[in-house]
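Per-entry structural report
This is what each chain is made of:
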Amino acid sequence: GTSALALAVLVAVSALTGAGAAWVSASVLEIPGKVHLPVTPTTAVAWTARWLLHPAGVVVRWRQVESALRHAALLATAVLGLLLLRRVRLETLLGSLAALLLAVVAAGPAMWPWYFAWGLSLLAACRGPQRSRLLALALAAVVFEVKPDGILGLPLHTAPAVLAGYLLLAGAAWLAVRASARKRAEQARPLSERGALL
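The notes below deal with the structure included here. On a predicted model such as this, the values are computed, not experimentally measured, just so you know. (Residues numbered from 1 in each chain as written. Predicted model: local features only at pLDDT ≥ 70, side-chain atom pairs only at ≥ 80, totals over all residues. Heavy atoms only, no water.)

Focus on the packing of aromatic side chains
How we decide: Aromatic contacts are taken between Phe, Tyr and Trp rings whose centres are within 6.5 Å, Trp giving its six-membered ring; a plane angle under 30 degrees counts as stacked, one over 60 as edge-to-face, and the others as tilted. The buried label goes to any residue with under 20% of its type's maximum accessible area, the exposed label to any with over 50%, and the partly exposed label to all in between, with areas taken from a 1.4 Å probe on protein chains only.
With the rule as written, the count across this model stands at four aromatic pairs. Judged by centre distance (6.4 Å) and plane angle (90°), the rings of Trp-114 and Tyr-115 are edge-to-face. Judged by its relative accessible area of 47%, Trp-114 falls in the partly exposed class. Taking relative accessible area as the criterion, Tyr-115 reaches 26% and is therefore assigned partly exposed. Arranged with centres 5.7 Å apart and planes meeting at 10°, the rings of Tyr-115 and Trp-118 form a pair that is stacked. Since its relative accessible area comes to 46%, Trp-118 is described here as partly exposed. A network of ring pairs unites the aromatic residues Trp-112, Trp-114, Tyr-115 and Trp-118 as a single cluster.

What follows is the structure in structure tokens.
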């Protein structure tokens, strides 16, 4: 039912706009792989490696490095999916699915900011992330990545700065998770062990 309706809408829009079926081809799926955005983690790492090693006379074919990193990122995402599937419970299902969707976007060949809507819409329904200041800061920063004409506001040579930003965010997230785990562990301890007066 739903699939038939979606197909009917797709055919109707294609006919009414005059696009026909010409846009449906295998070449459409190749386009993301031809885009090199500095905000895409694999591109940022490959370009930064080229930038760091060039002064030393080391030639880095960054597009080949980027391609290899994309395959590794795809494999890592598949492993993450299997780990999340193995540990999934009903109460963690939403958060696990959100994490996997965000990982798929981050590991993809072209990471446009609006792709994160997939995982963020699920993450917004989870209790913990709703109170995260780090997440709010990251979402506010995303607004400034794309210019009003839809073009990314960061040129490719800003990849090292973007990568540094990612590392800072990852470090801050790691510290926040550790602090949260310590707080939960402390709250789980009996009062007598916390030094409370009996």
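Structure's up, so let's keep going.
Digging into the layout of surface pockets
For clarity, the threshold we go by: Put simply, the grid is 1 Å and covers the protein atoms alone, a cavity is a trapped set of points that fit a 1.4 Å probe, a pocket is an open set with protein on both sides within 12 Å along at least five of seven lines, and lining residues have an atom within 4 Å of a point. Grid points are joined across faces, edges and corners, and a volume is the space filled by probe spheres set on the points. Helix and strand labels come from DSSP, where a helix needs a run of H or I of at least four residues and a strand needs a run of E of at least two; each type is numbered from the N terminus. Side-chain classes are defined by residue name, with Ala, Val, Leu, Ile, Met, Phe, Trp, Tyr, Cys and Pro counting as nonpolar, Asp, Glu, Lys and Arg as charged, and the others, Gly among them, as polar.
Approximately 2,100 Å³ is the volume found for the largest pocket. Along the wall of the largest pocket there are 46 residues; nearest its centre are Leu-102, Leu-123, Leu-134, Leu-135 and Ala-173. Going through the elements one at a time, helix H5 (93-107), helix H6 (117-123), helix H7 (133-143) and helix H8 (159-188) are the ones with two or more residues in the lining of the largest pocket. Here the lining of the largest pocket gets 16 residues from one element, more than from any other, and that element is H8. Partitioning the lining of the largest pocket into residue classes produces 36 nonpolar, six polar and four charged. As a volume, the second largest pocket reaches approximately 160 Å³. Counting residues per element, the lining of the second largest pocket draws most heavily on helix H4 (residues 62-87), which supplies four residues.

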